[in-house]
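Overview (structure and organization)
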Amino acid sequence: MKHTLAVLVENKHGVLTRVAGLFSRRGYNIDSLAVGVTEDPSISRMTIVVRGDDQVLEQVVKQLNKLIDVIRVTDIESGESVGRELTLIKVAADVNNRSEIIQIVDIFRARIVDVSAKSLIIEVTGDEDKIKAIEKLLKPFGIKELARTGKIALTRGSKKV
Amino acid sequence: MGDSNNKMSGARALIECLYREGVDTVFGYPGGAVLPIYDELYSSSIKHILVRHEQSAAHAADGYARATGKTGVCIATSGPGATNLVTGIATAYMDSVPIVAITGQVPSPMIGNDAFQEANITGITLPITKHNYLVQDVADLPRIVKEAFHIASTGRPGPVLIDLPKDITTDEIEFYYPESVELRSYKPTYKGNIQQIKKAADEISKSSQPVIYAGGGIICSNASDELLEFAENASIPVTTTLTGMGAFPGDHTLYLGMLGMHGTKYANYAIQEADLLIAVGVRFDDRVTGKIESFAPNAKIVHIDIDPAEISKNLKVNIPIVGDAKWVLKALTKVIKQNNTQNWINKIDEWKRKYPLHYMTDMSLKPQYIIEQIYEACNDAIIVTEVGQHQMWAAQYYKYNHPRTFLTSGGLGTMGYGFPAAIGAKVGMPDKTVFDIAGDGSFQMNSHELATVVSHNIPVIIAILNNGYLGMVRQWQELFFERRYSSTCIKDSVDFVKLAEAYGALGIRVDKPEDVRPAIEKAIASKRPTLIDFIVECEENVSPMVPAGAAINEILDLEVKK
Ligand SMILES: Cc1ncc(C[n+]2csc(CCOP(=O)(O)OP(=O)(O)O)c2C)c(N)n1
Ligand SMILES: [Mg+2]
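Since this is a predicted model, take the numbers as computed values, not measurements.

1. A look at the overall build of chain A
A tally of helices and strands in chain A yields four helices and nine strands. Listing the helices and strands of chain A from first to last along the sequence gives β-α-β-β-α-β-β-α-β-β-α-β-β. In terms of its C-alpha atoms, chain A occupies a principal-axis envelope of roughly 55 × 35 × 30 Å. Nonlocal contacts in chain A, meaning residues at least 24 apart in sequence, comprise 74% of its contacts between residues at least 6 apart.

2. Some points on the interface of chain B and chain A
With 20 residues of chain B at the interface, the matching set in chain A holds 18 residues. In total, about 1,700 Å² of surface goes out of reach between chain B and chain A, with carbon and sulfur atoms giving 47% of it. Three residues, Leu126, Arg184 and Ser185 of chain B, lead the burial of chain B against chain A; their summed loss comes to 35% of the area buried on that side. Summed over the shared surface of chain B and chain A, the number is two salt bridges. Where Glu10 of chain A meets Arg184 of chain B, a salt bridge forms, and the shortest distance between an N and an O atom there is 2.8 Å. Considering each element in turn, the side of chain B that touches chain A owes the most residues, three residues, to strand β6 (residues 131-134) of chain B. Classifying every residue of the side of chain B that touches chain A by side-chain character gives nine nonpolar, five polar and six charged.

3. A few points about the nonpolar core
Residues and elements named next belong to chain B. Ranked by internal contacts, the top residues of the largest apolar core, which has 70 residues, are Ile212, Phe230, Ile278, Ile383 and Phe534. When we break this core down by domain, the ones giving at least three residues each are domain 2 (194-354) and domain 3 (367-535). Core analysis: the next-biggest nonpolar cluster, separate from the first, contains 47 residues, Ile121, Ile128, Val384 and Leu407 among them.

4. Some points on the site of ligand 1
Residues and elements named next belong to chain B. Taken together, 17 residues are adjacent to ligand 1, and Gln389, His390, Ser442, Gly471 and Met472 come closest. Between ligand 1 and His390 there is a distance of 2.8 Å, counted from an oxygen atom to a side-chain nitrogen or oxygen. Measuring from an oxygen atom of ligand 1, one finds a backbone N or O atom of Ser442 at 2.7 Å. Elements with a minimum of two residues in the shell around ligand 1: α17 (389-397), α19 (440-443) and α21 (471-480). Considering only residue class, the shell around ligand 1 consists of seven nonpolar, nine polar and one charged.

5. Describing unusual backbone geometry
Trans is the prevailing form of peptide bonds, just as negative phi is the prevailing case for residues other than glycine. Residue and element names in this part refer to chain B. In this model, Ser543 is joined to Pro544 through a cis peptide bond whose omega is -5 degrees. Within the element layout of this structure, Pro544 appears in the segment after β20 (530-535). Not every positive phi belongs to a glycine, and Ser487 is a case in point at roughly 55 degrees. Turning to its location among the elements, Ser487 is positioned in the loop between α21 and α22 (496-503). Within the chain, Asp492 stands out as a residue other than glycine whose phi angle is a positive 55 degrees.

6. Digging into helix α15 (residues 342-354) of chain B
Side chains three or four residues apart in an α-helix point the same way, a direct result of the helix having 3.6 residues per turn. For α15 of chain B, spanning 13 residues, the distance from its first C-alpha to its last is 18 Å, which sits close to the expected 18 Å at 1.5 Å a residue. Of the surrounding secondary structure, the elements contacted by the buried residues of α15 of chain B are β9 (210-214), β11 (255-258) and α12 (265-273) of chain B.

7. A look at the layout of surface pockets
The space that makes up the second largest pocket amounts to roughly 1,000 Å³. In terms of lining, the second largest pocket is formed by 45 residues, of which the most central are Gln63 and Lys66 of chain A together with Arg156, Asp307 and Ala309 of chain B. Of all the elements in the fold, those that place two or more residues in the lining of the second largest pocket are α1 (15-25), α2 (54-66) and β4 (70-76) of chain A together with α5 (86-94), β6 and α13 (286-289) of chain B. Considering each element in turn, the lining of the second largest pocket owes the most residues, four residues, to α2 of chain A. Considering only residue class, the lining of the second largest pocket consists of 18 nonpolar, twelve polar and 15 charged.

8. Thoughts on the packing of aromatic side chains
Residue and element names in this part refer to chain B. Counting across every chain of the model gives 18 aromatic pairs over all chains. Centre to centre, the rings of Phe248 and Tyr255 are 6.0 Å apart; their planes meet at 35 degrees, and the pair counts as tilted. Relative accessible area serves as the criterion here: at 1%, Phe248 is assigned to the buried category. Counting every residue linked through ring pairs, the aromatic cluster contains Tyr269, Trp344, Trp351 and Tyr355.

9. Quick notes on the packing of helix α3 (residues 54-68) of chain B against α5 of chain B
Residue and element names in this part refer to chain B. One can describe the packing of α3 onto α5 by two numbers: an axis separation of 6 Å at closest approach and a directional angle of 25 degrees. The angle between the axes of α3 and α5 places the two elements in the roughly parallel class. Contacts from Gln55, Ala58, His59, Asp62 and Arg66 in α3 reach Thr87, Gly88, Ile89, Thr91 and Ala92 in α5. Across the contact of α3 with α5, the residue classes break down as three nonpolar, five polar and two charged.

10. Some thoughts on the domain arrangement of chain B
All names here are of chain B. Here chain B is partitioned into domain 1 (4-174), domain 2 (194-354) and domain 3 (367-535). A separation of 31 Å is found between the C-alpha centroids of domain 2 and domain 3. If you look at the interface, domain 2 gives 17 residues, while domain 3 gives 17 residues. Summed over both partners, the interface of domain 2 with domain 3 comes to about 1,400 Å²; 62% of that surface belongs to carbon and sulfur atoms. Of all residues in domain 2, Leu242, Met245 and His262 give up the largest surface area on contact with domain 3, accounting jointly for 41% of the area buried on that side. The residue makeup of the side of domain 2 that touches domain 3, split by class, is eight nonpolar, six polar and three charged.

11. Description of the pattern of salt bridges
Residues and elements named next belong to chain B. Throughout the structure, instances matching the rule amount to 42 salt bridges over all chains. With a shortest N-O distance of 3.8 Å, Arg474 and Glu539 are connected by a salt bridge. Of this pair, Arg474 sits in helix α21 while Glu539 is found in the segment after β20, placing the two residues 65 residues apart along the sequence. We note a salt bridge from Lys512 to Asp515, for which the minimum N-O separation is 3.8 Å. By relative accessible area, Lys512 is classed as partly exposed at 39%.

12. Focus: the sheet that holds strand β3 (residues 47-50) of chain B
All names here are of chain B. Across the sheet, which stays open at both edges, the six strands sit in the order β3-β2-β4-β5-β7-β6 with parallel pairing between neighbours. Lying at the two open borders of the sheet, with one neighbouring strand each, are β3 and β6. Ignoring strand direction, the axes of neighbouring strands in this sheet form an average angle of 20 degrees. Relative to strand β5 (residues 99-105), strand β4 (residues 72-76) is paired through five bridges, and the arrangement is parallel. Each residue of the ladder has a partner; that of Gly72, found in β5, is Ile99.

Rules used throughout
Residues numbered from 1 in each chain as written. Chains lettered and ligands numbered in written order. Predicted model: local features only at pLDDT ≥ 70, side-chain atom pairs only at ≥ 80, totals over all residues. Heavy atoms only, no water. Helix = DSSP H or I, 4+ residues; strand = E, 2+ residues; numbered from the N terminus. Contact = heavy atoms within 4.5 Å. Buried area = accessible area lost by both parts, 1.4 Å probe. Salt bridge = Lys/Arg side-chain N within 4 Å of Asp/Glu carboxyl O. Nonpolar A, V, L, I, M, F, W, Y, C, P; charged D, E, K, R; others polar. Core = buried A, V, L, I, M, F, W, Y, C linked by side-chain atoms within 4.5 Å. Buried < 20%, exposed > 50% of the residue type's maximum accessible area, 1.4 Å probe, protein only. Domains from an automatic or database assignment. Near = heavy atom within 4 Å. Polar contact = N/O pair within 3.5 Å; in protein donor to acceptor, adjacent residues only side chain to side chain. Expected span 1.5 Å × (residues − 1). 1 Å grid on protein atoms, 1.4 Å probe; cavity = no way out; pocket = protein on both sides within 12 Å on 5 of 7 lines; lining within 4 Å. Points joined across faces, edges and corners; volume = space filled by probe spheres on them. Phe/Tyr/Trp six-rings, centres within 6.5 Å; stacked < 30°, edge-to-face > 60°. Axes fitted to C-alpha atoms, helices over the stretch in contact; angles between N-to-C directions. Parallel < 35°, antiparallel > 145°, perpendicular 65-115°, else oblique. Pairing = 2+ DSSP bridges.

This is the structure:
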């Protein structure tokens, strides 16, 4: 089972190491981790996608809470939240197939952010399934490089974590 | 009025902070990066105990903390000084002992450049501290020290490390000590949930075969009186873990002794037949539970602990209560109703009669006998141990009637812990008689501290149960590796009596049962650091024993030999 955790932490040096260290030493599996400062500059928000059954998740949450610099941990349920990931894909493209790629990009409401004679860089935002789908369609053209941010998420409505 | 007379160096400010925290003693070892701190110590009223290896400074701070209940403090220089603390910090972490470790660091601008004697000690100790700090601005120092002592001693206690770059100790600060700590992310739960406590009380009234399984958490929370009152009011027998020895009076009729791998048979049988287990300040460690799937198979489990992460970590429990043991036990005692456990107690008493702890007595000098004699000679001592067979015998054959009188490395199992921890205990509790029950192997891990006890005149008594072996490992080799004693024979390592004398301590050798008591009396009367080298039966085994991976009622007697 995959879970998305929103982890509010003190925006101090070393906090990322503490969190990452916890996951590795206790043997928890991280799928992705995204981190950035929040509307309050003294707080950073980590979005961690973790894999495990309910018992593992319970331990992850409790152990995270034990870290002095962790302010709050929330398990964000998928139905009640908006999750997004940004991916940049550099795909091989020339005059012959460029228009075909542009069609795909349009369908996915992605954007082309760089063009050169032999390649394009495509920016796509969405949930994991969408990114997987476009990646699959672009693969035959030759993906040269790919960078993903990892998922970030907010709960819907006025509720905050 | 800007720069008043409160301006001082970081080093001076550190000492000022220690005063404010009520620190009377620090254990440490100097070096380049802590020179400014040592210069301030020179003229301060805080006592500095100079050890002979930084590992001992950490263990001594730990022993001081366990014996007094106050936070222990140790200091080491950067690089090797700091890394030498690591075993001591890990030992304190595993047993939830409040210590503050202060390390020197290379000057801030040089950090990260592999400077002389640089080690990333905050990185190294990340997984073995409750929290740690690298001070980056001298203005933060008072707040950090305040937080460090607060974090170390509250909630589930543990070690906190402060890494102090040398330039920070010479930078100037306008000193101001904060009165309170503001940590929005750290708020331990002390009061247990009343609904949960009522549920527990309900289960207690329904139960006919309850057992209390109490651990080090009782001692951390100073909850021994509350435990006694609860157990007596509800008529529930009590077993303790190794680190929980002394949490409940050792000579009480409801007491079952220690449980687990080398526990009493009756404690283990009681757990396995219990219909309700009330676990307080424990963590279901594998040395206690044996095969966890068959631990307390018939029991509903109530688990009281201040650390939410301990709840259902190893074993799913039915009624968790997060809170301070003292608070929760008090509240629980208020709401329990009368219940009748007399049949259950009778059954346990029958087991006690049938399966007492025992050993074969013959003409030879038995280690168990020595522990009994120490108890006879001094029943209110602080007993500190090393790790091995002697540690188990010290747990089995001395009756601990008060908390903070049995200090041992339970979680990490650190050989070499006992002697320096005994130093810390004696310094913290000078009126108590302090014994280090040692093995001949363990003692050699920190025997150089004889210099410390002699130079500071700290009269601890070292009782070496000298079996010529790394006995606990030899026991496993005997039982599970066809007596192939690979690298466990250490006979004739050294003449311990001469070693003691070389340092200026009193040395006594004993090899006959009749000389045991006089030697102990002599050591106590001498008021000097004393080492007694007890030459004991060399292949004695710790019994009974639950083989690794077995259920705890599959407990065997081992002593039938020769
Ligand atoms: C630092 C350390 N190294 C190794 C061990 C593994 N170990 C556990 S008990 C033991 C033997 C201890 O021998 P001794 O101190 O003579 O005690 P005895 O068992 O003979 O009473 C060893 C080597 C340990 N616990 N700690
Ligand atoms: Mg030995």
